[in-house]
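Commentary on secondary and tertiary structure
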Amino acid sequence: MSEGTGAVETEEFARLLRELKDRSGLSYGTLAKRLHMSTSTLHRYCNGTALPHEYMPAERFARVCRATPEELVELHRSWILADAARGRRTDRTAEPAPAEAPAPVTEPEAAPVEPTAGETGGAPVIGAPVVVAVAEPVRPRRRRSALIASAAAVALLAAVMIVARPTIWDGGSDAGGPQAAGATAAATGVPAVPEPSLSAPAASTTRTVTPTDTALATATTTPSPTTPSPSTPTQPSNAPAPLTVGTRPYVYADPCSQHFLVNSAPAQVGPPATERDAPRWAAAYGAVSSGEQQVALTVQGTGADTVVLEALHVRITAKGAPLAWNDYSMGVGCGGEVDTKSFDIDLDRGSPVITVRGGQRDFPYKVSKSDPEVFYVTAHTKAHDVRWDLTLDWSSGNRRGTVPIDNKGTPFRTSADVNRPGYDYPPGGSEWIKRADG
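Residues numbered from 1 in each chain as written. Predicted model: local features only at pLDDT ≥ 70, side-chain atom pairs only at ≥ 80, totals over all residues. Heavy atoms only, no water.

Section: the nonpolar core
Core analysis: the biggest nonpolar cluster contains 26 residues, and Leu 309, Leu 312, Ile 345, Trp 388 and Leu 390 have the highest contact counts within it. When contributions to this core are tallied by element, the ones reaching two or more residues are strand E4 (292–301), strand E5 (307–320), strand E7 (342–346), strand E9 (365–367), strand E10 (373–380), strand E11 (385–396) and strand E12 (399–405). In terms of residue count, E11 provides more of this core than any other element does, five residues in total. In this structure, Tyr 45, Tyr 55, Ala 67 and Leu 75 belong to the second largest nonpolar core, which totals 25 residues. (Core = buried A, V, L, I, M, F, W, Y, C linked by side-chain atoms within 4.5 Å. Buried < 20%, exposed > 50% of the residue type's maximum accessible area, 1.4 Å probe, protein only. Helix = DSSP H or I, 4+ residues; strand = E, 2+ residues; numbered from the N terminus.)

The structure is reproduced here in structure tokens:
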């Protein structure tokens, strides 16, 4: 949240929020409770003194205020412009960091220059610094330290030459062979360094480093093929989906909307069930939804990341002739059905698809742990007994997947009820009564 923005873009965004709030008739307190936000924060958003860091709070605000799809698009566009303007103001007001003063450089003290063999009239000798140290034992300790350091450097160079050779020499007179290395070692007074061994067994002798060994030694510094690179995160194939789907298989659009087909006589069927008890009642009598079935899906993310719900699909697992069973109504004397926002499935089509109805907008949707969605899916048939289920496609970051949706491991089942005997259970009654038109 950016306090005191004062930008034209932010004021335009705030104006759109105010219009949505005023039209909804909801107070700041009511909106704050529904959005799980503080009233003061909503005030700042609507008067232009604050801008949400993310668009999601504004989108939830707009949905609660019943914004149209066009208004949602315009609000999102306005927030993007205001957020970009906020970023530009931050860049202009940022002060460059002071440059750090360079660290003082201390010049190394030069070692005393020793006379060479040529200057003393003698022949040049390999490792002359060591010879001078022996010839002048009374020189100060600092000069001896410098000379010893020089000798160590020469010895290190000799060791590197030995390790770099990939083959074993046979004692020949090659200028690069061990005789030359021995001469260098004798001149410097440092013993020759044995060749290293990579992963040699404890009981074996030291072996020569071959070109293959060198390649293996180099490979050990690179990441293992089984180790994911930090720049390209991977996701285990068996990782759980970042969302949950709660299913209510029998939704009563009104107390009388649900009918069940049961292969039993009225005397063998108990009183009708409420929506809460419908799954237990249907399981007890082997009941099947009659004519149509409305299913509610509550989708919610499980983590901090947003999950995009890409599409919802229907699949027919079996289709046959309608069931010749009795029809039992779960309510009597109800009013008209309330038209809820939902999705519709015509199970009688050759290849059923999910269509939008009642003003519901189509996919995609976004959900998170704090922002779930509820979808109502109504399937109906007039000519078949149909078993069906759903699949929900989702994506989150670089992950994608599909969640199967059914009735606790079994397909949903809906059968046509044409010309079936119908029974009602009157309020206050104690038995099923045959319907006049049944």
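Some words on helix H3 (residues 39–47)
Counting along an α-helix, one turn takes 3.6 residues, and residues three or four places apart therefore face a common direction. Turning to H3, its buried residues number three or more, namely Thr 41, Leu 42, Tyr 45 and Cys 46. Angularly, the buried residues of H3 cover 130 degrees about the axis, an arc narrow enough to put them on a single face. Where H3 is buried, its residues touch helix H1 (8–24), helix H2 (28–35) and helix H4 (56–64). Within two residues after H3, Gly 48 carries a phi angle of roughly 85 degrees, on the positive side. (Arc of directions from axis to C-beta. Contact = heavy atoms within 4.5 Å.)

Some words on the packing of aromatic side chains
Within this structure, the stated rule accounts for 13 aromatic pairs. Ring geometry for Phe 363 and Phe 375: centres 5.2 Å apart, planes at 35 degrees, overall tilted. Taken together, the positions of Phe 363 in the loop between strand E8 (354–357) and E9 and Phe 375 in strand E10 put the pair twelve residues apart, joining distant regions of the chain. A cation sits over an aromatic face here: Lys 21 above Tyr 28, 4.5 Å from the ring centre. (Phe/Tyr/Trp six-rings, centres within 6.5 Å; stacked < 30°, edge-to-face > 60°. Lys NZ or Arg CZ within 6 Å of the ring centre and 35° of its normal.)

What to know about the packing of H1 against H4
Angle between the axes and distance between the axes: these two values describe a pair of packed helices. In the contact formed by H1 and H4, the axes pass within 9 Å of each other and the chain directions differ by 30 degrees. Of the possible angle classes, the one that applies to H1 and H4 is roughly parallel. Seen from above, H1 lies across H4 with left-handed handedness. Only Ala 58, Phe 61 and Ala 62 of H4 make contact with H1, whose side of the interface consists of Phe 13, Leu 17, Leu 20 and Lys 21. Residues of the contact of H1 with H4, tallied by class, amount to six nonpolar, no polar and one charged. (Axes fitted to C-alpha atoms, helices over the stretch in contact; angles between N-to-C directions. Parallel < 35°, antiparallel > 145°, perpendicular 65-115°, else oblique. Left-handed = near helix turned anticlockwise from the far one by under 90°. Nonpolar A, V, L, I, M, F, W, Y, C, P; charged D, E, K, R; others polar.)

Overview of the environment of Arg 77
For Arg 77, the position within the fold is in helix H5 (residues 69–93). On the basis of relative accessibility, which here comes to 49%, the residue Arg 77 falls in the partly exposed class. Arg 77 sits 22 residues away from Tyr 55 along the chain, and the two C-alpha atoms are 9.9 Å apart.

Looking at the sheet that holds E10
In spatial order, the strands read E1-E4-E10-E7-E8; together these five strands make up an open sheet with mixed pairing. Two strands in the sheet have a free side with no partner beyond their single neighbour: strand E1 (243–248) and E8. Strand-to-strand twist in this sheet, taken as the mean axis angle between neighbours without regard to direction, amounts to 30 degrees. In this sheet, E10 lies alongside E7 in parallel orientation, the contact comprising four bridges. Looking at E10, one finds that Phe 343 is bridged to Val 377. (Pairing = 2+ DSSP bridges.)

What about the environment of Leu 42?
You can see Leu 42 is positioned in helix H3. Judged by relative accessible area, which is 1%, Leu 42 ranks as buried. In this view, Leu 42 contacts Tyr 28, Leu 31, Ala 32, Leu 35, Met 37 and Phe 61; residues no more than four positions away in its chain are not counted.

A few points about the layout of surface pockets
By volume, the second largest pocket amounts to about 310 Å³. Taken together, 16 residues make up the lining of the second largest pocket; nearest its centre are Tyr 250, Ala 287, Asn 407, Thr 410 and Pro 411. Elements with a minimum of two residues in the lining of the second largest pocket: helix H10 (278–285) and strand E13 (412–415). Of all the elements, H10 adds the most residues to the lining of the second largest pocket, at three residues. For the lining of the second largest pocket, a count of residues per class yields nine nonpolar, four polar and three charged. (1 Å grid on protein atoms, 1.4 Å probe; cavity = no way out; pocket = protein on both sides within 12 Å on 5 of 7 lines; lining within 4 Å. Points joined across faces, edges and corners; volume = space filled by probe spheres on them.)

Brief notes about the side chain of Gln 294
Here Gln 294 shows up in strand E4. By relative accessible area, Gln 294 is classed as buried at 5%. Polar side-chain contacts of Gln 294 include one of 2.9 Å to the side chain of Thr 378. (Polar contact = N/O pair within 3.5 Å; in protein donor to acceptor, adjacent residues only side chain to side chain.)

What about H10?
For H10, the complete set of buried residues consists of Ala 278, Trp 281 and Ala 282. The buried residues of H10 occupy an angular sector of 95 degrees when projected down its axis, which confines them to one face. Of the exposed residues in H10, the ones pointing more than 90 degrees away from its buried face are Arg 280, Ala 283 and Ala 284. Residues of H10 that are buried in the fold lie against strand E2 (259–262). Downstream of H10 by a residue or two, Gly 286 has a phi angle that is positive, lying close to 60 degrees.

Description of the environment of Gly 246
Structurally, the position occupied by Gly 246 is in strand E1. The class of Gly 246 is partly exposed, set by a relative accessible area of 33%. Not counting residues up to four positions away in its chain, the partners in contact with Gly 246 are Ala 296, Leu 297 and Thr 298.

Comments concerning the pattern of salt bridges
Inspection of the entire model under this criterion finds 15 salt bridges. For Asp 385, the salt bridge identified is with Arg 413, shortest N-O distance 2.7 Å. Remark: Arg 413 occurs in strand E13 and Asp 385 occurs in strand E11; sequence separation between them is 28 residues. Residue classification places Asp 385 among the buried residues on the basis of a relative accessible area of 7%. In this structure, Arg 435 engages Asp 424 in a salt bridge whose closest nitrogen and oxygen atoms are separated by 3.1 Å. Here Asp 424 lies in strand E14 (residues 422–424) and Arg 435 lies in the segment after strand E15 (433–434), a separation of eleven residues in the sequence. Asp 424 shares its class with Arg 435; the two are buried. Put simply, Glu 12, Arg 15 and Glu 19 are held in one network by salt bridges that share partners. (Salt bridge = Lys/Arg side-chain N within 4 Å of Asp/Glu carboxyl O.)

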